[in-house]
Amino acid sequence: MRQRKTTTSRSERLFLLILSLITLSGLALYAFAPHSSPAPQPMQATEAGSTSESNAPEGQQPHHDSLIRDPHYVGPPAGAAARGEKFAHYVSLDLNRIDSLTLLRVPGIGPAYAHRILTLRERLGGVATVAAFKIVQNQDVFTDFMIASRRKEKCDELVKSIHYKGYKADIKTAKVDADDVEQLKALFNSFKPELVINLALPYQDLTIMEACLACGCNYLDTANYEPKDEAHFEYSWQWAYKEKFEQAGLTAILGCGFDPGVSQVFTAYAAKHYFDEIHYLDIVDCNAGNHHKAFATNFNPEINIREITQKGLYYENGEWIETEPLAVHQDLTYPNIGARDSYLMHHEELESLVKNYPTIKRARFWMTFGQQYLTYLDCIQNLGMSRIDEIEYEAPLADGSGKNAKVKIVPLQFLKAVLPNPQDLGENYDGETSIGCRIRGIKDGKEQTYYVYNNCKHQAAYEETGMQGVSYTTGVPAMIGAMMFFKGIWRKPGVWNLEDFDPDPFMEQLNKQGLPWHEVFGGDLEL
């Protein structure tokens, strides 16, 4: 691997850069890891709901509406019933976790203002927020980081929310446009990140990889490249960079979320420990949560709807077989959840898994959807709102002049603007996700089955990070992948998928970082 020339001060720390595109703006997190990590700063946090008498003003007895200083406190001051009247005394509330009903009790805040506050909070980005919180929880590896965005104030708000929870971390902020290669290059050359974790939309993957190559930065993302003008994704565009990264002595790690990501680590772990040959692989993804909305997507609506409305694709006997969108489905039973209608879809990790495990005879990906969701989705398609091509629309100018102007809009992007923001769902989201791999193959000449999975509760994720479970299950693996890189475990020149690395240390960290996994041997896979 090529070593960059450094001074003594440069060698004292490595830089981690996280890029995340939020709506139309880019949000980035930069973290630094030392070559020899100093002792981490202790992180202190009080128990939620703590209300000692020391919180009362001097000379006064505690009042049920007196100042609450606990950074983890959510909801009305201790002792107050959920009765809805305005607060009579000063209160200090954690805006990172406060609910809308409590905001309405603050004098001067009505429904519209409360919605604006919660929208601003959540649009800092679900996955990036989870990754940031997990980074500050692992300061033996990550010691400092910078957050950069097209709108710097977004970064400042996220930093405040992290510090307000009692985490001690040196966090800086800056401004950058993640779509602009030259801005990225200037930023990389200025901060000299050792690793770029790309949490942007898939459209930006190649742009960020180009900037990494130009500036000598290693790279990690959570989803493969997809052209903006075509609902089609595959690894070929990024695999084409393999030789360039090898020649530069740089590592590129692709798809380090949950699926893709952990699903490939699960498969690699099974291949290493339990199978001589894997013959049948089914990746099963169930979200049994309830966000109490008529219709909402669990991650970026534009990406989610493009993915779901594509034709299905699976691998069998050396061939890729295409199906109509959501045409193949069956009930599957998920741990702690029960039976759910599961639909066969195209998913990118199948492409790398059948390449790296040539004994696989069939590989498929399944995801659950409720009937109400599918009914709304069918309506969206029939109305033309899932289109990704531009149309012309004449609209009045916002300056109040009464004049009209022709503008070009993409229907799906407009739909995204009016749908609930996925990061707004966490407050009332209950239930859990269940994602895993069901595998059939041969060990010592005998056929056996194996099921490895993780269940993640939405409210547990929200309590820890303020984000729902779908964001949590993507942000945590991204941090673990960065940890693997900085520890030197997953570091080799080239472009790699997760199954190309040793799965054991990653699996160990899943248990430690909030995504524990479970195994079932010899069970009925239902597939």
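Right, let's walk through the structure included here.

**Looking at the pairing of strand β7 (residues 251–254)**
In β7, alternate side chains face the same way, and those of Thr 251 and Ile 253 on one face and Ala 252 and Leu 254 on the other are all buried. As defined by bridge partners, strand β6 (residues 218–221) adjoins β7 across 2 bridges and the pair is classed as parallel. By the bridge assignment for β7, Tyr 219 is matched with Ala 252. Taken together, the 4 bridges between β7 and strand β18 (residues 494–497) define a ladder with parallel strand orientation. Counterpart to Ile 253 in the pairing with β18 is Trp 496.

**Structural notes on unusual backbone geometry**
Residue Asp 259 is joined to Pro 260 through a cis peptide bond whose omega torsion reads 10°. Counting through the fold element by element, Pro 260 comes out in the loop between β7 and α10 (262–273). For Leu 326, which is not a glycine, the phi torsion comes out positive at approximately 60°. Structurally, the position occupied by Leu 326 is in the loop between β10 (319–323) and β11 (329–334). Leu 326 gets classed as buried once you look at its relative accessible area, which sits at 17%.

**Considerations on the packing of α10 against helix α12 (residues 349–356)**
The geometry of α10 relative to α12 is characterised by a closest axis approach of 10 Å and an angle of 20° between their N-to-C directions. Our classification of the angle between α10 and α12 gives roughly parallel. The interaxial crossing formed by α10 with α12 has right-handed handedness. Residues Ser 263, Gln 264 and Thr 267 of α10 form the contact with α12, whose own contacting residues are Glu 349, Ser 352 and Leu 353. Taken together, the residues that form the contact of α10 with α12 break down as 1 nonpolar, 4 polar and 1 charged.

**With respect to helix α7 (residues 205–215)**
Taking burial as the measure, the 11 residues of α7 include 8 buried ones, the bulk of the element. Listed in full, the buried residues belonging to α7 are Asp 205, Leu 206, Ile 208, Met 209, Ala 211, Cys 212, Leu 213 and Cys 215. Just downstream of α7 lies Gly 216, where phi reads positive at about 75°.

**Considering the side chain of His 279**
Tracing the backbone shows His 279 in strand β8 (residues 277–287). Given the relative accessible area of 11%, His 279 is considered buried. If near-sequence neighbours (up to four positions away) are discounted, His 279 is found in contact with Thr 359, Ile 360, Lys 361, Arg 362, Arg 440, Gly 441 and Ile 442.

**What about the packing of helix α4 (residues 126–136) against helix α5 (residues 152–164)?**
Think of two packed helices as two axes; the pair is described by the angle between the axes and how far apart they sit. Contact pair α4 / α5: the axes reach a minimum separation of 11 Å and the direction vectors enclose 40°. Between α4 and α5, the angle falls in the class oblique. Here α4 runs over α5; the crossing is right-handed. Along the contact surface, α4 presents Thr 129, Ala 132, Phe 133 and Val 136, while α5 presents Leu 158, Ser 161 and Ile 162. Residues of the contact of α4 with α5, tallied by class, amount to 5 nonpolar, 2 polar and no charged.

Thresholds, definitions, all that
- Residues numbered from 1 in each chain as written.
- Predicted model: local features only at pLDDT ≥ 70, side-chain atom pairs only at ≥ 80, totals over all residues.
- Heavy atoms only, no water.
- Buried < 20%, exposed > 50% of the residue type's maximum accessible area, 1.4 Å probe, protein only.
- Helix = DSSP H or I, 4+ residues; strand = E, 2+ residues; numbered from the N terminus.
- Pairing = 2+ DSSP bridges.
- Axes fitted to C-alpha atoms, helices over the stretch in contact; angles between N-to-C directions.
- Parallel < 35°, antiparallel > 145°, perpendicular 65-115°, else oblique.
- Left-handed = near helix turned anticlockwise from the far one by under 90°.
- Contact = heavy atoms within 4.5 Å.
- Nonpolar A, V, L, I, M, F, W, Y, C, P; charged D, E, K, R; others polar.

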